[in-house]
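Okay, here's what each chain looks like letter by letter:
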Amino acid sequence: MSDINEPRLDLKSLPKEERLNRMRHSAAHVLAEAMVELMPEAELGIGPPIETGFYYDFRLPRPLTNEDLVWLDKRMNQSRKGKHRFQMAAISRAEAEERWAKQPFKLDLLKDIPDDGITQCTHAAFTDLCRGGHVNHTAEIGAFKLMSIAGAYWRGSEKNPMLQRVYGVLFETAEELAAHEQQIEDARRRDHRKIGRDLDLFALVDEIGPGHVIWLPAGATIRRELQRWIEDLEIDRGYQHVITPVVAKRELYVQSGHWDHYREAMYPVMEREGEEYVLRPMNCPSHIKVFQNDQHSYRELPLRIAELGNMHRWEKSGQVSGMSRVRIMTLNDAHIFCADIAQVESEVEGVLRLMEEVYGILGLKDYRYRLSLGDPDDTEKYVDNPPMWEAGETLLRDVLQRVGLEFYEAKGEAAFYGPKIDVEFKTASGKEETLVTVQVDFHLPAQFGLEYIAEDGARARPIIVHRGVISTMERMVALLIEEYEGAFPLWLSPTQVVVVPIADRHIPYAEEVAAALKAHRLRVDVDARGERMNAKIRDAQLRKVPYVLVVGDREAETQAAAVRARGGKDLGAMPVADIVAMLREERDTKALGR
RNA sequence: GCCCAGAUGGCGCAACGGUAGCGCAACCGAUUUGUAAUCGGUAGGUUAGGGGUUCGAUUCCCCUUCUGGGCUCCA
């Protein structure tokens with residue numbers, strides 16, 4: 001064994017991220033030290049730093065409890081006070097195998113480490129197989145808190161045993177830790193599941209089934225506005241909307257390849273009179289049938305077929321969540337049939353520009369593009385056709401660069417039939433979700449033998465671009481609820497205005513004001529309850545209604561209303577005609593009002 | 001699907017193994033109010049469902065369903 005300790009490390013000289021990673025990784029060692037003390041039989045997995053802290057995976061003789069967490073936290077703090085030095089040492093394979101003879105996961109890790117690269121780290125009485133990256137001693141690990149216990153597969157594969165993972169958060173100072181806990185609190189407040197319940201936007205009821213969303217009137221209003229808008233945008237850009245059935249013969253999906261590659265994610269087959277039907281998980285085959293309904297000349301391409309239709313995907317039970325991960329979803333989908341690569345490029349570019357426009361209007365900023373590539377080694381998951389993949393990937397990369405969008409590449413994330421561009425965003429709770437994808441598909445045109453008549457009269461095979469823009473209505477609305485914290489811009493607000501009569505004698509005038517607004521398709525409620533004005537204002541604020549119009553004697557005399565904007569700003573009394581003009585302008589420009 | 005934790009009026013919560021209570025909301029009445037909660041009253045629960053232990057189960061055990069946190073998978 002040889003000592004390979006780094007010279008004493010000046011933490012302050014390191015970039016913050018590096019410093020935090022060292023603190024977090026060191027804390028994971030301290031956690032493992034505590035765990036081994038709590039349960040000497042513990043088998044150790046790995047303990048890396050993560051975005052807000054660290055985790056360590058263990059296989060334990062019994063499930064951990066919250067009391068264990070408290071104990072471990074306390075024990076870790078003791079170790080911190082001990083100011084134990086983290087000491088690295090290089091060891092031989094023989095030494096390592098002996099030391100971790102009873103640690104199957106460490107032995108598994110050892111297999112992947114070259115003989116001359118095996119190192120261990122010791123602090124206090126605890127030694128772990130480790131490649132390094134620590135602080136000097138345990139007193140330098142910062143402010144941490146053990147947060148939760150979770151299950152996690154060894155090496156992330158469901159074929160491996162399930163371990164118990166302990167998550168901790170860790171920051172340099174107690175203040176930063178407190179700020180992070182505040183953030184978690186804020187995220188809870190933004191959670192679309194909570195806001196959806198509070199504002200009666202949607203409901204999920206046990207009897208209807210997990211992942212089957214009920215859109216309540218308020219939520220359905222938001223959805224309808226989005227739907228009208230995106231369909232109009234698509235019409236402007238030459239898309240043609242179709243309506244195709246949600247059920248089709250199983251055979252259709254056999255031909256498309258979905259049955260082979262996607263069966264597990266489909267609802268079970270329905271059988272009657274010897275025929276097998278399935279609920280569609282995607283509508284590509286249906287749109288292909290639309291294309292095949294006529295002969296097409298090159299002059300008609302690109303042909304853009306769009307549909308906002310229900311898709312049905314059997315998400316695994318542990319995966320369904322609120323409205324962001326459902327089993328029946330309404331997908332904003334289109335298939336663009338292109339004559340050649342040049343058309344594919346310009347169409348993909350058009351889609352990317354449409355996305356930028358749409359997300360800009362919605363005020364979404366926290367998203368990123370991912371170029372999702374296939375994996376030539378995985379012929380099980382992906383259609384086996386290397387030149388096809390090559391061509392698609394190059395093309396998508398080029399277009400992303402040309403449009404000037406930042407993106408990153410990810411291997412093994414493609415659709416089974418081709419590479420794609422994914423747009424990813426973060427939910428309030430920090431989870432990454434895919435919003436939409438753009439895919440280049442050479443596969444389905446071949447499967448269905450698609451053809452068009454080329455300029456020279458010969459038959460040629462089109463290429464399909466699959467694309468979404470506003471994702472599924474479910475996921476987009478979930479995202480928007482969290483983005484706006486329930487306070488939707490005027491054009492999307494389920495109730496845009498509440499008119500508050502000060503006393504009962506003002507109700508007729510309040511109705512009059514409401515009618516004037518409704519004549520311009522504004523969504524208005526009159527709050528005629530026998531409550532005090534203040535209570536009505538409060539309720540409207542809690543419902544996040546954009547405008548409250550207070551009407552009393554003064555307003556009734558002058559055909560006016562006192563305008564109170566969401567958030568409490570008093571705009572004073574305005575003539576009703578001016579209010580209408582102001583609200584129409586705000587609505588029609590889709591102003592974010594922030 | 002897997003690991004762990006949960007499930008109590010519409011919502012948020014309480015109840016040493018002794019047949020469920022509070023706040024808000026709802027409903028009724030009084031009040032008629034000038035920019036975030038008027039007062040009083042009434043009603044509402046087979047404690048997710050099923051089984052078991054017990055003289056007795058919201059409470060303990062088992063199964064199912066659903067929810068949450070993760071893992072894996074995905075729009």
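Criteria and cut-off values
- Residues numbered from 1 in each chain as written.
- Chains lettered and ligands numbered in written order.
- Predicted model: local features only at pLDDT ≥ 70, side-chain atom pairs only at ≥ 80, totals over all residues.
- Heavy atoms only, no water.
- Helix = DSSP H or I, 4+ residues; strand = E, 2+ residues; numbered from the N terminus.
- Contact = heavy atoms within 4.5 Å.
- Pairing = 2+ DSSP bridges.
- Axes fitted to C-alpha atoms, helices over the stretch in contact; angles between N-to-C directions.
- Salt bridge = Lys/Arg side-chain N within 4 Å of Asp/Glu carboxyl O.
- Buried < 20%, exposed > 50% of the residue type's maximum accessible area, 1.4 Å probe, protein only.

Enquirer: Tell me what's going on with the environment of Arg521, and back it up with residues and numbers.
Expert: Within the secondary structure, Arg521 is located in the loop between helix H15 (507–518) and strand E26 (524–526). Sequence separation between Arg521 and Glu557 is 36 residues; the distance between their C-alpha atoms is 25 Å. When neighbours within four sequence positions are excluded, Arg521 is seen to be in contact with Arg228, Gln496 and Arg587.

Enquirer: Outline the sheet that holds strand E25 (residues 497–501), listing residues and values.
Expert: The sheet built from 5 strands is open, its strands ordered E26-E25-E27-E28-E29 with mixed pairing. Each edge of the open sheet is held by one strand with a lone partner, namely E26 and strand E29 (570–575). Going from strand to strand, the sheet's axes swing by 25 degrees on average, the running direction of each strand aside. Where strand E28 (residues 560–565) meets E29, 5 bridges bridge the pair, whose relative direction is antiparallel. Residue pairing in the sheet places Ala560 in a bridge with Pro575 of E29.

Enquirer: Talk me through the pattern of salt bridges; I want residue IDs and the actual numbers.
Expert: Following the criterion strictly, the structure yields 50 salt bridges and no others. Residue Arg189 pairs with Asp186 through a salt bridge whose shortest N-O separation is 3.1 Å. A residue pair is termed a helical-turn pair when its members lie 3 or 4 positions apart in one helix, as Arg189 and Asp186 do in helix H5 (residues 174–190) at 3 residues. Its relative accessible area of 42% is what places Arg189 among the partly exposed residues. Taking the relative accessible area as the measure of exposure, Asp186 reaches 25% and is therefore partly exposed. Here Glu432 ties to Arg368 by a salt bridge, and the two come within 3.4 Å at their closest N and O atoms. Placement of Glu432 in strand E21 (residues 432–441) and of Arg368 in strand E18 (residues 367–373) is noted, with a sequence separation of 64 residues between them.

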